[in-house]
Amino acid sequence: MNDVGLSERARSLVRPEVADLDPYDPGFVECRVNLSANESTWPRPEALERAVHDALVATPLNRYPDPMANGLRDAIAAWHGVGRSQVVVGNGGDELIFDLLLAFGGPGRTVLDMPPTFSVYDIYGRLVGSTVVAVPRDPETFEPVWDEVLAAARTADVAVLTTPNNPTGNTVALGRVEALCEACPGVVLVDEAYGEFAPSMESAASLLDRHPNLCVLHTLSKAFGMAGARVGYILASPELVDVFAAVRQPYTVNVLSQAAATAVVEGRDLALASVADVVAERDRLTEGLLALGLRVWDSEANFVLVRVPGAHVVRERLACDFSILVRDLSSTPGLEDCLRVTVGTPEEDDAVLDALRQILRPVISGT
Ligand SMILES: *Cc1c(COP(=O)(O)O)cnc(C)c1O
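Residues numbered from 1 in each chain as written. Predicted model: local features only at pLDDT ≥ 70, side-chain atom pairs only at ≥ 80, totals over all residues. Heavy atoms only, no water.

Enquirer: What exactly am I supposed to notice about the sheet that holds strand β7 (residues 214-219) here?
Expert: Within a sheet, each strand pairs with its neighbour through backbone hydrogen bonds, oriented either parallel or antiparallel. Strand order across the open sheet formed by seven strands is β2-β8-β7-β6-β5-β3-β4, with mixed pairing between neighbours. Both edges of this open sheet fall to β2 (87-90) and β4 (131-134), since each of them pairs with a single strand only. For this sheet the average axis-to-axis angle between neighbouring strands, irrespective of direction, equals 20 degrees. In this structure, strand β3 (residues 110-113) lies alongside strand β5 (residues 158-162), joined through two bridges in parallel fashion. Residue valine 111 lies in a different strand from β5, and its bridge partner there is valine 158. (Pairing = 2+ DSSP bridges. Helix = DSSP H or I, 4+ residues; strand = E, 2+ residues; numbered from the N terminus. Axes fitted to C-alpha atoms, helices over the stretch in contact; angles between N-to-C directions.)

What follows is the structure, given as structure tokens:
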């Protein structure tokens, strides 16, 4: 992880909101097994791979993209049973989070955050000048503390709720989401980036008709194995989609990504076929970590959160000695000694379990 911030000179040149930011560096290095970013590492069905390939080959590069990606919007709208006017596509979900905070946050406005969660909300929220009000989750279960959340929501311009939450993997009941939409006079972002891995969780999209302040974020980066193409989308009321259409950069989703994403959305049944396998493998990985005597939280996403004594050193040894990359969260408040491990293929997960067994053996035996 990069601890070095901006230079003194750079700090003197930038806006105050930018001065304390660190250049983003999630510690990416080439390695044998990369389970650090919740990407899919499973092979995609050949028929889908071919459809993506054909779509890319048929795409000319001389023209600008369709600004609103209407072909892709239509495919997403048909899938979710909504109208085109309720869909906006972005260059990854991250860009839509930024656009949302740019439009609805900002100086003099408050963003309600529920850490530990995806750090992007806090970073972008402050970057655009908002006051971020953090209501920490329960330290054991990571359930949001609802009475405090609903109280804070009453004065929030934006409230962000992640379900399943990253990096803790737990979901919240739909009734809680609805209560948040009712309590918050501003915009409620429900981030369901991992929703496909939680088949028993009902999507907040079912609340869209009743709550015009709701935005539901999905991405093709996780369950659909498209992280490199950078495509995410929001389902919301037409009036909120218009706000995104006003603030977003028009050509942000390039022609290749639009073509590939459309092929994947149209072939979604093939793409989603492996989700049940990932879920089964998540349970196996969880069991394996529990068998090492570690604290593991139940996850409904494609990763697990695990508490490992000396997590920072363990992460270094995994990377240096075994060429295995996982995410070190041990410096995040509430996640002391925690690592997040993406569910990989059975071979990748066995590599992690074997490596941890070797690294931890002296610790476990107390020598
Ligand atoms: C990965 C992720 C996203 C979006 O990722 P993109 O690749 O930018 O689409 C959004 N929210 C959470 C919580 C995530 O983990």
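Picking up after the structure, the text goes on.
Enquirer: Which parts of the structure should I look at to understand the pattern of salt bridges?
Expert: Pairs can form between side chains of opposite charge whenever their charged atoms are close. Under the counting rule described, the total for this entry stands at 15 salt bridges. With its nearest N and O atoms 3.0 Å apart, the salt bridge here joins arginine 11 to aspartate 20. Classification of arginine 11 by relative accessible area gives partly exposed; the value is 33%. Arginine 84 serves as the salt-bridge partner of aspartate 74, at 2.8 Å between the closest nitrogen and oxygen. Separated by ten residues along the polypeptide, aspartate 74 in helix α4 (residues 70-80) and arginine 84 in the loop between α4 and β2 bring together distant segments of the chain. Residue aspartate 74 is classed as partly exposed on the basis of its relative accessible area, which comes to 32%. Residues joined in a network through salt bridges with shared partners are Glu281, Arg284 and Asp350. (Salt bridge = Lys/Arg side-chain N within 4 Å of Asp/Glu carboxyl O. Buried < 20%, exposed > 50% of the residue type's maximum accessible area, 1.4 Å probe, protein only.)

Enquirer: Looking at this structure, I do not really get the sheet that holds strand β13 (residues 338-342). What am I missing?
Expert: Reading across from one edge, β9-β10-β13-β12 is the order of the four strands in this open sheet, with antiparallel pairing throughout. With one partner strand each, in any of the chains shown, β9 (295-296) and β12 (327-328) form the two edges of the open sheet. By the bridge criterion, five bridges tie strand β10 (residues 303-307) to β13 in an arrangement that is antiparallel. Across the sheet, residue valine 306 finds its bridge partner in β13, namely leucine 339. Across the sheet, helix α12 (residues 275-291) touches β9, β10 and β13, and the angle it forms with β10 is around 10 degrees. (Contact = heavy atoms within 4.5 Å.)

Enquirer: Got a minute to help me understand the site of the ligand in this structure?
Expert: Near the ligand you find 14 residues, and of these Gly93, Asp191, Thr219, Ser221 and Lys222 are the closest. Between the ligand and the protein, one listed contact pairs an oxygen atom with a side-chain N or O atom of serine 221 at 2.6 Å. Burial of the ligand by the protein amounts to 94% of the accessible area it has alone, namely 380 Å². (Near = heavy atom within 4 Å. Polar contact = N/O pair within 3.5 Å; in protein donor to acceptor, adjacent residues only side chain to side chain. Areas by Shrake-Rupley, 256 points an atom, 1.4 Å probe, with all protein chains shown as cover.)

Enquirer: Can you walk me through the environment of asparagine 91 in this structure?
Expert: Along the polypeptide, asparagine 91 turns up in the loop between β2 and α5 (93-104). Classification of asparagine 91 as partly exposed rests on a relative accessible area of 26%. Distance from asparagine 91 to tyrosine 233, taken between C-alpha atoms, is 8.6 Å for residues 142 residues apart in sequence. With near-sequence residues (within four places) excluded, asparagine 91 lies in contact with Arg230, Thr252 and Val253.

Enquirer: What should I look at first to understand the nonpolar core in this one?
Expert: The tendency in soluble globular proteins is for nonpolar side chains to be buried side by side. Core analysis: the biggest nonpolar cluster contains 84 residues, and Val89, Leu112, Leu180, Leu214, Leu289 and Ile324 have the highest contact counts within it. When residues of this core are assigned to their parent elements, the largest contribution, seven residues, is made by helix α14 (residues 346-364). Among all residues touching leucine 112, those that are not within four sequence positions of it are Val133, Val135, Val149, Ala152, Ala153, Ala156, Val158, Ala159 and Val160. Within the second largest apolar cluster, 23 residues are counted, among which are Val88, Leu96, Val128 and Cys215. (Core = buried A, V, L, I, M, F, W, Y, C linked by side-chain atoms within 4.5 Å.)

Coordinates in, geometry out; function isn't part of it.
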